[in-house]
Amino acid sequence: MSATIELRGLWRSFEEGGARRDVLSGVDLEVPAGSSVALLGRSGSGKSTLLHLVGGLDRPDRGEVWVEGRRVDLMGERERTLARRRRVGFVFQSFDLLPTLTVLENVLLPMELERRTGRAERDRAMALLARVGLADRAAAFPDRLSGGEQQRIALARALVHEPAVVLADEPTGNLDGDNAARVLDLLGSLVAERGTTLLVATHSREAALRQSRAFELADGRLVPLELAPGVGRG
Amino acid sequence: MKPVLLKASLREVARHPLQSGLAVLGVALGVAVALAIQLSSAASLRAMQLSAEAAGGRATHSVVGGPVGLDESLFTRIRVELGVRPSAPVLEEHVPLADRPGEVLQLLGLDPFCDAPFRTYLGPGGLGVDLSAFFTEPGAVLLAETTAQRLGYTIGDSIPLLVGASEVEAKLVGLLAPPDEFAARLTSNLMVADVSTAQELLGQTGRLSRIDLLLANDDPAEDERLLAALTRFLPADARIEAAGARAGALAAMTRGFRLNLQALSLLSLVVGLFLVYNASLFSVVRRAGALATLRCLGATRAQVLRLVLLEAAILGVLGSLLGLVGGIGLGAGLVGLVTQTINDLYFALSVRELTLPPALLLGGFALGVGATLAGAVPPALEASRADPRGARRRSQVEARARKALPRFAWVGGALAVVGGAALVLAGPRLPVAFGGLFALIVGCALLVPPLAALLLRAAETPLTRVFGAPGALAARGSSRSLSRTSISLAALVVALSTSIAVGVLIASFRTSVITWLGSAFTADLYASTPTLVRTRASALFPTEALAALENAPGVDRVLRYRTQDLSGPRGAVQTVALDTGIEGALVFQFQSGGSEDDLAALARGEAFFVTEALTHRLGLRRGDTLRFDLARGPLELPIAAVVHDYGSDRGSAIVDLGAYQRASGDAGISSLGLWLEPGLDPDAALPPLRAALPGGVSVVLRSNAGLRRETLVVFDRTFAVTGVLRFVTLLVALVGLVSALMALALDRARELAVLRALGLTPGQLVRLLGAQAVLLGLVAGVIALPVGALVAHVMIDVVNGRTFGWTLLAFEFGPRLVLTSLALAGAVAGLASLLPAWSALQLEPSRALRQD
């Protein structure tokens, strides 16, 4: 199985109070296609930074970021944006649905940006909404929905354009236990059905246990964690 | 204020340099414009005062004459027969320098032997120069040393002067050394000559402009007795004026013009006030949590109020200081335009310097800080009244701000009604009328938020249908952002509607002037002497030139005009006497009267026609009687008709030339209208006619088309200042909108970052923000159009009607104006979105996502 995501010697530091702090200090990682990886770590340990680098939202100080065989860190701004738009799906902790768009419009947005606005796209979005159990709320605005419902819509939005990679940043951080479990179930099954590669940054051991592999990000480096056999996928 | 709170305020201002900078810029622009207009207006007033003081000196009274001044023998008789010893003859005129284009000096002809008690600034005990050359050299004149240096003349130089139609030579024979700085100012624009030399130079042998008197008796009763005796002694066309009346009359003449400019300049400050309100509101909303924490920690409501006001005061002080500097710079630029207009329309005036009266500077500063604080009071109150628990949640503050919008609408509606009522009840009181106009504009602006919400809601469906999600994003984003942008939108509506109104006013006025020119000026060519004040031609037309033109080949008939300021019980009135018997002479646009009988009465010399500006100024009506005291007796006739005329805002009376000549004995002519034989082209006829003129006289000969062109050039120049003010007001609105959109972009940083994470390219982001801004701009434009039309209607009534007494022949509010206004609104808003878009692009999406 070839690697969808490959990180080689990744360094990233930030200016904090006049001093530079290394958040990532030579991170190496290979994520095979269709597999899932959990990133655990304290707040500020660099999990989100790592996701942003993979998604092309940020660039490393040093090192290489490969996604589907292409050097993302060498791409220009526009190329990274287009690559992200077409091949990456994002799920955020705070859902981040656009308040001015309806549920259906939010889900359609990644394809709208590609000017793919035909019947087929609409059907696919509706099918995904049905899959996450919210087809009947297609015309509602996000502020009418609960947190769990909003995150399920965010899942649909992340997958509607069939990306190769889904990057989930604390997807259950703002949810209670039941809702968190439901979202994780959905996320797991949706990516498994599509063979999508998943990278999840999380505090939750529960969430980490559902992935093929797990790493702890500590002092800027990835440390492999042992998971109970047979729990993860891939 | 606790030092820590002060520190917090200063840091708050410093931490948002762009937001603070934009607010400072808005205040600065408002203060700069208001101050610049005040300064240039004050400079022209000061110049009028200096000119009057320089000419009048310490005189307590003056004897002034009719159209052709006074006979100089009157001076001797007053001195010898009446025994009024402290008296001095004066002949004065503004004269352009032929070799220094644009330079105009005040030629003052004096008698040095009688003048010492009057113009003491010329030097102790007289002129302080060797008088032999002064009396013996032909054309001998004196200039202040600094004036001679400035103009590059040295003693012995010839100074060519343009006097009426001719060029004459003066000779610099000495330099005045003013004893102090005040005297130096008074003399800076003077050219002093002996009265007989001045008479020669000006071609007014035996004539005086006036006789100055110094009635400094300790006994007022004695003064009264002397004045009564003088009044009985004077000929019919002479009268006594108290000192100060001159400067007062000059100032009164331009009062309307200056007041209009000041009112317009204050509008940009009103727009600036909206901007400050918006900036303060944004600052309060953004820091809702921090302010609530302060309250939780024990800060009182009053402390929070002071904190917010202090921040506004910091911005206000910075903006006002910057505004003072900008105002002085802009004032120096505007003084030229203001002076040019006064020169074009009223009288020759030379303004050399922009004085900086401390009171004006202080006033400008106070106005800026005051407006800033006034704009910050509502948000500061809002912040101080918030419940500490509730205020921690920003959305609640936001919700309260949104709830306040309907209140704005009520206040706005009420203000508009009060403004309308003030306009109706103001009558001729201009400040009340302008107050009403302001209230109407601001009232309409406060109606903007609810109106904009309605319009955006209406635009949502079509935009979503046409553009899909991006269209919906733009429409709903604009709609949701109204709590942030509506105040800036209101400011934009104020600026746009004022701009539209001023545009309509100018266009309507221009069309009216063109219509009037077309109907009132029917001759093929016009001839006059060169004049300093473009709306007047009172200098004498050379008789040899008159004869040459009347007999020139190709000339069919000639219409003679005599334009003079005539005095009567109602003061001085410009009177145009014309050959009523010439075909084509009696063409008018009538406001009232104008029947065949009225025209016949004018032609028989039995009636006046007056312009509507004169009826306005003197409170006259058709049927009233107008009287002038002329050399051979009074000219008293009824007013048979009122005509439209935009030539002078002082107005004028029209009378038959024969009737005027019989009453005045003045056979002079000021200008001519010439009709050519049929088939001749006026422009082609000009060169041979110019060649036919005798040498040594300079007569200005213009074709009808040329005259219209020149009139419109003067018209356009008159409104050049207005153009500058319109531009700056729009600029302030632009700054306000930039500020609001910046706040919005900062506010939506997370949302924009998510869009970027989903694959929105930088170009798409710029287009999205641009589309939202343009949409808001178009909404502002749609609201500003009817408001602008309403304000234009009121302005035409206030500015043209009540200030100058003109009714317009057109109201120019056409599709072109609608389209250009909408385009302007969209363009201003689109332009305003560039900086916020750039700033949004600078914010890395990863950082925005991490920060939440």
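So, how was this worked out
Residues numbered from 1 in each chain as written. Chains lettered and ligands numbered in written order. Predicted model: local features only at pLDDT ≥ 70, side-chain atom pairs only at ≥ 80, totals over all residues. Heavy atoms only, no water. Helix = DSSP H or I, 4+ residues; strand = E, 2+ residues; numbered from the N terminus. Buried < 20%, exposed > 50% of the residue type's maximum accessible area, 1.4 Å probe, protein only. Areas by Shrake-Rupley, 256 points an atom, 1.4 Å probe, with all protein chains shown as cover. Contact = heavy atoms within 4.5 Å. Core = buried A, V, L, I, M, F, W, Y, C linked by side-chain atoms within 4.5 Å. pLDDT = per-residue confidence, 0-100. Pairing = 2+ DSSP bridges. Axes fitted to C-alpha atoms, helices over the stretch in contact; angles between N-to-C directions. Buried area = accessible area lost by both parts, 1.4 Å probe. Salt bridge = Lys/Arg side-chain N within 4 Å of Asp/Glu carboxyl O. Polar contact = N/O pair within 3.5 Å; in protein donor to acceptor, adjacent residues only side chain to side chain. Nonpolar A, V, L, I, M, F, W, Y, C, P; charged D, E, K, R; others polar. Phe/Tyr/Trp six-rings, centres within 6.5 Å; stacked < 30°, edge-to-face > 60°. Parallel < 35°, antiparallel > 145°, perpendicular 65-115°, else oblique. Left-handed = near helix turned anticlockwise from the far one by under 90°.

Chemist: Sorry, what's going on with the overall build of chain B here?
Modeler: Within chain B, the regular secondary structure consists of 31 helices and 21 strands. The 852 residues of chain B split such that 58% are buried. For chain B, the exposed surface amounts to about 33300 Å²; the carbon and sulfur share of it is 61%.

Chemist: So what exactly am I meant to see when it comes to the overall build of chain A here?
Modeler: Helices and strands together make up the secondary structure of chain A, namely seven helices and ten strands. Every one of the 234 residues in chain A was classed for burial, and the buried ones make up 56%. Sequence separation of at least 24 residues holds for 68% of the intrachain contacts in chain A that already meet a minimum separation of 6. Counting every atom, chain A has about 9700 Å² of accessible surface; 47% of that belongs to carbon and sulfur.

Chemist: Where do I start with the nonpolar core in this structure?
Modeler: A general feature of soluble globular proteins is that nonpolar side chains tend to end up buried together. F274, F509 and V513 of chain B are the most contacted members of the largest nonpolar core, which totals 97 residues. A total of 20 residues in this core trace back to one element, the largest contributor, which is helix α20 (residues 482–520) of chain B. Excluding its chain neighbours within four sequence positions, the residues that come into contact with V513 of chain B are Y646, T711, L712 and F715 of chain B. Within the second largest apolar cluster, 52 residues are counted, among which are V165 and F215 of chain A together with L768 and A840 of chain B.

Chemist: Sorry if this is basic, but what is going on with the environment of A302 of chain B here?
Modeler: Among the structural elements, A302 of chain B can be located in helix α13 (residues 301–345). Among the residues examined, A302 of chain B registers a relative accessible area of 37% and is labelled partly exposed.

Chemist: I keep staring at the side chain of Q772 of chain B and nothing clicks. Help me out?
Modeler: Relative to the helices and strands, Q772 of chain B resides in helix α29 (residues 762–804). Setting aside chain neighbours within four positions, we find Q772 of chain B in contact with L473, A474, G477, S478 and R748 of chain B.

Chemist: Before we go on, may I ask you to explain the confidence of the model for chain B in this structure?
Modeler: Interpretation of this model should avoid reading the predicted coordinates in detail wherever pLDDT is low. All names here are of chain B. For chain B, per-residue confidence averages 79 on the pLDDT scale, and 84% of positions sit at 70 or higher. Overall, residues 389–393 carries pLDDT values under 50, and its contacts beyond four positions in sequence, including any with other chains, amount to nine contacts. Here residues 532–537 scores under 50 on pLDDT; set against residues more than four positions off or in separate chains, the count is 28 contacts.

Chemist: How should the sheet that holds strand β5 (residues 70–71) of chain A be read in this particular structure?
Modeler: Strand pairing within a sheet occurs via backbone hydrogen bonds; the two strands may be parallel or antiparallel. Residue and element names in this part refer to chain A. Across the sheet, which stays open at both edges, the four strands sit in the order β2-β1-β4-β5 with antiparallel pairing between neighbours. Two strands in the sheet have a free side with no partner beyond their single neighbour: β2 (19–32) and β5. Summarising the sheet, strand β4 (residues 62–67) and β5 pair through two bridges and their orientation is antiparallel. The residue of β5 that forms the bridge with W66 is R71. Helix-sheet contacts for helix α1 (residues 47–54) involve β1 (3–16), β2 and β4, and the interaxial angle to β1 is about 125°.

Chemist: Could you clarify how one ought to interpret the sheet that holds strand β11 (residues 239–242) of chain B in this entry?
Modeler: All names here are of chain B. Here we have nine strands laid out as an open sheet, ordered β6-β7-β5-β8-β4-β3-β10-β1-β11, and mixed in their pairing. The open sheet has two edge strands, β6 (158–163) and β11, and neither has a second partner. Each adjacent strand pair in this sheet contributes to an overall mean axis angle of 35°, direction not counted. In the sheet, β6 pairs with strand β7 (residues 166–176) via six bridges, with the strands oriented antiparallel. Across the sheet, the residue bridging to V163 is S166, located in β7. Contacts from helix α3 (residues 73–80) reach β1 (61–64), β3 (87–96) and β10 (210–213), with the element oriented near 155° to β3. Together, β3, β4 (104–110), β5 (140–144), β6, β7 and β8 (190–194) form the strand contacts of helix α8 (residues 195–202), whose direction differs from that of β8 by roughly 110°.

Chemist: Please clarify how the interface of chain A and chain B should be interpreted in this entry.
Modeler: It is common to give the size of an interface as the accessible area that goes away when the parts come together. Tallying the contact residues gives 28 residues for chain A and 27 residues for chain B. Taken together, the two surfaces of chain A and chain B that pack against each other cover about 2500 Å², and 61% of this comes from carbon and sulfur. By the criterion of area lost to chain B, the three top residues of chain A are L57, T100 and L113 of chain A, representing 22% of everything that side buries. Run the count over chain A and chain B and you get zero salt bridges. Across the contact surface, chain A and chain B share five residue pairs in polar contact (both at pLDDT 80 or more). Going through the elements one at a time, β1, α1, α2 (77–87) and α3 (103–113) of chain A are the ones with two or more residues in the side of chain A that touches chain B. With six residues, the top contributor of residues to the side of chain A that touches chain B is α2 of chain A. Residue composition of the side of chain A that touches chain B, grouped by class: eleven nonpolar, seven polar and ten charged.

Chemist: What exactly am I supposed to notice about the pattern of salt bridges here?
Modeler: If charged atoms from side chains of opposite charge come close, those side chains can pair. Residues and elements named next belong to chain B. Summed over all chains, the structure comprises 28 salt bridges over all chains. Here R100 and D99 are joined by a salt bridge, their closest N and O atoms 2.9 Å apart. Residue R100 is classed as partly exposed on the basis of its relative accessible area of 24%. Among the ionic pairs, D598 bridges to R622, the shortest N-O distance being 3.1 Å. In this pair, D598 is assigned in helix α22 (residues 596–603) and R622 in the loop between α23 (612–618) and β17 (625–630), connecting sequence segments 24 residues apart. Judged by relative accessible area, which is 9%, D598 ranks as buried.

Chemist: What is the right way to look at α1 of chain A in this model?
Modeler: The α-helix advances 3.6 residues per turn, and as a result positions three or four apart in sequence lie on the same side. Residues and elements named next belong to chain A. The buried fraction of α1 is high, at seven of eight residues. For α1, every residue scored as buried is listed here: K47, T49, L50, L51, H52, L53 and V54. One or two positions beyond α1, positive phi appears at G56, with a value near 75°.

Chemist: Can you walk me through the packing of helix α26 (residues 704–718) of chain B against helix α27 (residues 720–747) of chain B in this structure?
Modeler: How two helices sit against one another is set out by the angle between their axes and by the gap between those axes. Residues and elements named next belong to chain B. At their nearest, the axes of α26 and α27 sit 4 Å apart, and the two run at 35° to each other. Here D716, R717 and T718 of α26 lie close against α27, whose contacting residues are A720, V721 and T722. In terms of residue class, the contact of α26 with α27 is built from two nonpolar, two polar and two charged.

Chemist: Explain the confidence of the model for chain A to me, please; I cannot follow it from the model alone.
Modeler: On average, chain A scores 88 in pLDDT, and the residues at 70 or more come to 96%. Predicted confidence is poor over residues 230–234 of chain A, with pLDDT under 50, and the contacts of this stretch with residues over four places away or in other chains come to 17 contacts.

Chemist: What is the right way to look at the packing of aromatic side chains in this model?
Modeler: When we look at a pair of aromatic rings, we describe it by the centre distance and by the angle of the planes. Residue and element names in this part refer to chain B. In the structure shown here, the tally under the stated rule is seven aromatic pairs over all chains. Between F608 and F628, the ring centres sit 5.5 Å apart and the planes meet at 85°, which makes this aromatic pair edge-to-face. One end of the pair, F608, is in strand β16 (residues 608–611); the other, F628, is in strand β17, with 20 residues separating them in the sequence. Exposure class is identical for F608 and F628. Each is buried. Among the aromatic residues, ring-to-ring pairing joins F113, F134 and F135 into one connected group.

Chemist: Mind showing me how you'd approach unusual backbone geometry here?
Modeler: Keep in mind that most residues, glycine aside, have a negative phi and that most peptide bonds are trans. All names here are of chain A. Positive phi, normally seen in glycine, also occurs at D96, with a value near 55°. With respect to the helices, strands and loops of the structure, D96 is situated in the loop between β6 (88–91) and α3. With a phi angle near 50°, E170 is a residue other than glycine that sits in the positive phi range. Tracing the sequence through the fold places E170 in the loop between β7 (165–169) and α6 (177–194).

Chemist: Help me out: how do you make sense of the packing of helix α18 (residues 448–467) of chain B against helix α19 (residues 469–480) of chain B in this one?
Modeler: All names here are of chain B. Where α18 contacts α19, the axes come no closer than 6 Å and their chain directions differ by 165°. Put simply, α18 runs roughly antiparallel to α19. The handedness of the crossing between α18 and α19 is right-handed. Of the residues in α19, those touching α18 at L456, E460, L463, T464 and F467 are A469, P470, G471, A472, A475, R476, S478 and S479.

Chemist: Looking at this model, I keep getting lost on the environment of A733 of chain B. Mind explaining?
Modeler: Mapped onto the secondary structure, A733 of chain B falls in helix α27. Among residues more than four places away in sequence, those in contact with A733 of chain B are V271, A491, L492 and A495 of chain B.

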